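Descriptive structure summary
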Amino acid sequence: MSEARDHQEDGAYDVVVLGAGPVGQNVADRARAAGLTVAVVERELVGGECSYWACVPSKALLRPVIAVADARRVDGARQAVTGRLDTGRVFARRDHYVNDWDDTGQAESLKSIGVDVFRGHGRLDGPRRVTVTRDDGARPVLTARHAVAVATGSRPLLPDIPGIREVRPWTNRQGTDVSTVPARLAIVGGGGVAIEMATLWQGLGSQVTLLARRHLVARMEPFAGELVAAGLAEAGVDVRTGTQVTAVRRPDPAGPVTLTLDDGSDLQADEVMFATGRAPGTEDIGLDTVGLSPGTWLEVDTTCLVRGVDGAWLYAVGDVNHRALLTHQGKYQARTAGDAIGARAAGLPVDDGPWGNHATTADQHAVPQVFFTDPEAAAVGLTAEQAAQAGHRITTVDLDFDAAQGADLHADSYRGHARMVVDLDREVLLGVTFVGPGVSELLHSATVAVAGEVPLKRLRHAIACFPTVSEIWLFLLAAYQRDRT
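Note that the coordinates shown come from a computational prediction; the quantities given were computed from them, not determined experimentally. (Residues numbered from 1 in each chain as written. Predicted model: local features only at pLDDT ≥ 70, side-chain atom pairs only at ≥ 80, totals over all residues. Heavy atoms only, no water.)

**Some points on the sheet that holds strand E14 (residues 271-274)**
This is how it is decided: Any two strands are treated as partners once DSSP identifies two or more bridges connecting them. Put simply, DSSP H or I for four residues or longer makes a helix, DSSP E for two residues or longer makes a strand, and each gets a number counted from the N terminus. Here an angle of 0 to 180 degrees is reported between the N-to-C directions of two axes, which are lines fitted to C-alpha atoms, with helices fitted over the stretch in contact. Note on definitions: a residue-residue contact is assigned when non-hydrogen atoms from the two residues lie within 4.5 Å.
Ordered by their spatial adjacency, four strands build an open sheet running E10-E9-E8-E14, and the pairing between neighbours is parallel. This sheet does not close on itself; its edge strands, each paired only once, are strand E10 (238-241) and E14. Put simply, the sheet's adjacent strands are angled 15° from each other on average, direction ignored. Sheet topology places strand E9 (residues 207-212) next to E10; four bridges connect them, and they run parallel. Paired with Thr-209 across the strands is Asp-238, a residue of E10. Here helix H7 (residues 192-204) sits on the sheet in contact with strand E8 (184-188), E9 and E14, set at roughly 165° to E9.

Dropping the structure here:
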């Protein structure tokens, strides 16, 4: 594919962005809005991991699984749900949403706002310089007058255990781009990727075994992992927590994988997927040419300016700064960094205070996250344990969703749980967690309350419609008020 438009002949731009995923695109968009010239360098697909191997394909694949599960929870609808999912149609739905892994549309979108796209491997080559190695061997050099933004994301981190390379394990990429259903799938990990993939592949017909060292989704409230584990087990997943894999082997390249567990037993599966963490995509981008260590997370200030580099020109946005490995947080950082780059280029003051236009303060206290499992798990802000460790004087308010009639109308015998973490000194919310069918759509109201530090005495005037699942807010607030009197 040709580049998005004719490149500037001298290779000089105001801003050069490494990585054309949603994070890099948002930096480019905000820098262009400030009137700056922008080049973006991408070595794979414009749109990045999220568009082709993570958020978009996983949600496209999971939605049919969850839709069937939701229908089976409603009398009158469950009788209409017979047979199994049409896996061919499910995979075709995924293919539609990833545009058959064709990034023409996203590349054209960058072109439409005046951004130049360079295809190839971009590496820093000293301050404000980027060398691009293209497939044809050409090596154009780009220079940045004001900023280089690193948005190269992260990659799957495989554990260092015997046999790991030889068995050709799945990562999130194979988990979202293959189009055949293994009869038996072992998934190693207990975080968001692992539990979503367990939900997906069990729903598509695999016999899934989920192996986790600790309880599931350890960064959420403990009850979230417990309810998700119960939902997975009810769907047929063999959930094993407190379990480690010590070795893997596949003697026959076309045969099954054998996993050796820490109790000495063996487990056989047709495929094995590791969802055991992420590593920064910084191992080969020339960090050593600017005094930084290759393969490390990049420490940044509130404007996403990299610390330890002279001249205030290098930014790191998204996964590479390790603040919150979530696409929506990366895009938030990118908008903030792009605005800061524009302000500094124009000689304007940068507002990096607690609530400033150029401060990524939500990364510290108001990060929302959703896992599209059955039931869904959604949370924002701090858990009770995190809040207490941070020195806050807190109380928690816990309720099952059966308190809200809207939940029972949403699904017969609706099962779910909600928790508020309250700062007693200021009477504002520090964190909220919901687990239950459809709770992802409740999360933004919680995010507004946490990010905006809305006083609870004011929040009680935000009335939830009857009969909706969001009525849980009324009961949580009423329970808090009752407990305090």
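**Section: the sheet that holds strand E19 (residues 394-400)**
Pairing in this open sheet of five strands is antiparallel, and the strands run E17-E18-E21-E20-E19 from one edge to the other. One side of each edge strand has no neighbouring strand; the edge strands of this open sheet are strand E17 (368-371) and E19. With direction set aside, neighbouring strand axes in the sheet form an average angle of 10°. The sheet contact formed by strand E20 (residues 417-423) and strand E21 (residues 428-436) spans seven bridges and is antiparallel. For Met-420, the partnering residue across the bridge sits in E21 and is Val-432. Packed on one face of the sheet, helix H15 (residues 472-484) meets E19, E20 and E21 and runs near 135° to E19.

**A short note on the packing of aromatic side chains**
To be explicit about the condition: Note on ring pairs: Phe, Tyr and Trp rings are taken, using the six-membered ring of Trp, and paired if centres are within 6.5 Å. Classes follow the plane angle, with under 30 degrees stacked, over 60 edge-to-face and the rest tilted. Residue burial is assigned from relative accessible area. The probe radius is 1.4 Å, only protein chains are included, and a residue is buried under 20% of its type maximum, exposed over 50%, and partly exposed in between. Criterion for a charge above a ring: Lys NZ or Arg CZ within 6 Å of the ring centre, and within 35 degrees of the ring normal.
What the rule picks out here adds up to seven aromatic pairs. Ring centres of Tyr-13 and Phe-118 lie 6.1 Å apart, and the angle between their planes is 90°; on these two criteria the pair is classed as edge-to-face. Taken as a pair, Tyr-13 in strand E1 (residues 12-18) and Phe-118 in strand E3 (residues 116-119) lie far apart in primary sequence, 105 residues in all. Here the two residues Tyr-13 and Phe-118 agree in accessibility, since each one is buried. On the basis of an interplanar angle of 40° and a centroid distance of 6.1 Å, the ring pair of Phe-91 and Trp-201 is categorised as tilted. Placement of the pair is Phe-91 in helix H4 (residues 87-97) and Trp-201 in helix H7, with a sequence separation of 110 residues. Each member of the pair, Phe-91 as well as Trp-201, carries the same accessibility label: buried. Site record: aromatic cluster; members linked through ring pairs are Phe-401, Tyr-414, Phe-434 and Trp-473. One residue, Lys-59, lies across the ring of Phe-372, its end atom 4.3 Å from the ring centre. Geometry around Trp-53 places Arg-173 over its ring, the cationic atom sitting 3.6 Å from the centre.

**Let's talk about the pattern of salt bridges**
Counted only if it meets this: In the sections that follow, a salt bridge refers to a side-chain nitrogen of Lys or Arg positioned within 4 Å of a carboxyl oxygen of Asp or Glu.
Here the structure, examined in full by the defined rule, presents 28 salt bridges. A salt bridge links Asp-339 to Arg-30, with the nearest nitrogen and oxygen atoms 2.9 Å apart. Here Arg-30 lies in helix H1 (residues 22-33) and Asp-339 lies in helix H9 (residues 327-345), a separation of 309 residues in the sequence. Of the charged contacts, one joins Arg-78 and Asp-75 as a salt bridge, the two residues approaching to 3.2 Å between their closest N and O atoms.

**What to know about H4**
As a reminder, the rule being used: Arc definition: directions from the helix axis to the C-beta atoms. Here a polar contact is taken to be a pair of N or O atoms separated by no more than 3.5 Å, where protein atoms must pair a possible hydrogen donor with a possible acceptor and residues adjacent in sequence count only if both atoms sit in side chains.
For H4, the complete set of buried residues consists of Val-90, Phe-91, Arg-94 and Asp-95. Mapping the buried residues of H4 onto a view down its axis gives an arc of 140°, with all of them on the same face. Exposed residues lying more than 90 degrees from the buried face of H4 are Arg-89 and His-96. For H4, the elements touching its buried residues are helix H3 (55-71), helix H6 (172-177) and H7. One side-chain oxygen at the N-terminal end of H4 lies 3.2 Å from the backbone nitrogen of Gly-88; it belongs to Asp-86.

**Brief notes about the pairing of E1**
To keep it simple, the criterion reads: For crossovers, right-handed means that the path from the first strand over the helix to the second runs clockwise, given strands pointing away from the viewer.
With respect to burial, E1 is a largely interior element, seven of its seven residues being buried. Both E1 and strand E6 (residues 141-150) contribute to a ladder of six bridges, which runs parallel. Looking at the pairing, Val-16 lines up with Val-148 of E6. Bridge count for E1 against strand E2 (residues 38-42) is four bridges, and the pairing is parallel. Residue pairing in the sheet places Val-17 in a bridge with Val-40 of E2. A crossover links E1 with its parallel partner E2, the connecting element being H1, and its sense is right-handed.

**Some words on the confidence of the model for the protein chain**
The condition is simple: Within a predicted model, pLDDT stands for the predictor's per-residue confidence, ranging from 0 to 100.
Predicted confidence across the protein chain gives a mean pLDDT of 95, with 98% of residues reaching 70 or more. For residues 1-6, every residue scores under 50 in pLDDT, and the model assigns this stretch 17 contacts once sequence neighbours within four places are set aside.

**Section: the packing of H7 against helix H8 (residues 222-235)**
We count it as follows: By the definition adopted for this analysis, an angle is roughly parallel if under 35 degrees, roughly antiparallel if over 145, roughly perpendicular if from 65 to 115, and oblique otherwise. Helix crossings fall into two classes, left-handed where the near helix is turned counterclockwise from the far one by less than a right angle and right-handed where it is turned clockwise. Residues are grouped as follows: Ala, Val, Leu, Ile, Met, Phe, Trp, Tyr, Cys and Pro are nonpolar; Asp, Glu, Lys and Arg are charged; all remaining types, including Gly, are polar.
Close contact between H7 and H8 brings their axes to 10 Å; oriented N to C, the two are set at 20°. Our classification of the angle between H7 and H8 gives roughly parallel. The interaxial crossing formed by H7 with H8 has left-handed handedness. Taking contact as the criterion, the partners of Ile-195, Ala-198, Thr-199 and Gln-202 in H7 are, on H8, Val-228, Leu-232 and Ala-235. The residue inventory of the contact of H7 with H8, partitioned by class, reads five nonpolar, two polar and no charged.

**A few points about the packing of H3 against H4**
The interhelical angle for the contact between H3 and H4, taken along N-to-C directions, is 150°, at an axis separation of 9 Å. One way to sum up the angle between H3 and H4 is to call them roughly antiparallel. You can see that H3 and H4 cross each other, and the crossing is right-handed. On H4, the residues touching Val-56, Pro-57, Lys-59, Ala-60, Leu-61, Arg-63 and Pro-64 of H3 are Val-90, Phe-91, Arg-93, Arg-94 and Tyr-97. Its residues placed into classes, the contact of H3 with H4 shows eight nonpolar, no polar and four charged.

**Here we look at the environment of Arg-240**
In this fold, Arg-240 is placed in strand E10. Judged by relative accessible area, which is 27%, Arg-240 ranks as partly exposed. The spatial distance from the C-alpha of Arg-240 to the C-alpha of Arg-214 is 9.3 Å, given a sequence separation of 26 residues. Beyond its immediate sequence surroundings of up to four residues, Arg-240 is in contact with Thr-209, Leu-210, Leu-211, Ala-212, Leu-261 and Leu-267. There is a polar contact of 3.0 Å between the side chain of Arg-240 and the side chain of Asp-238.

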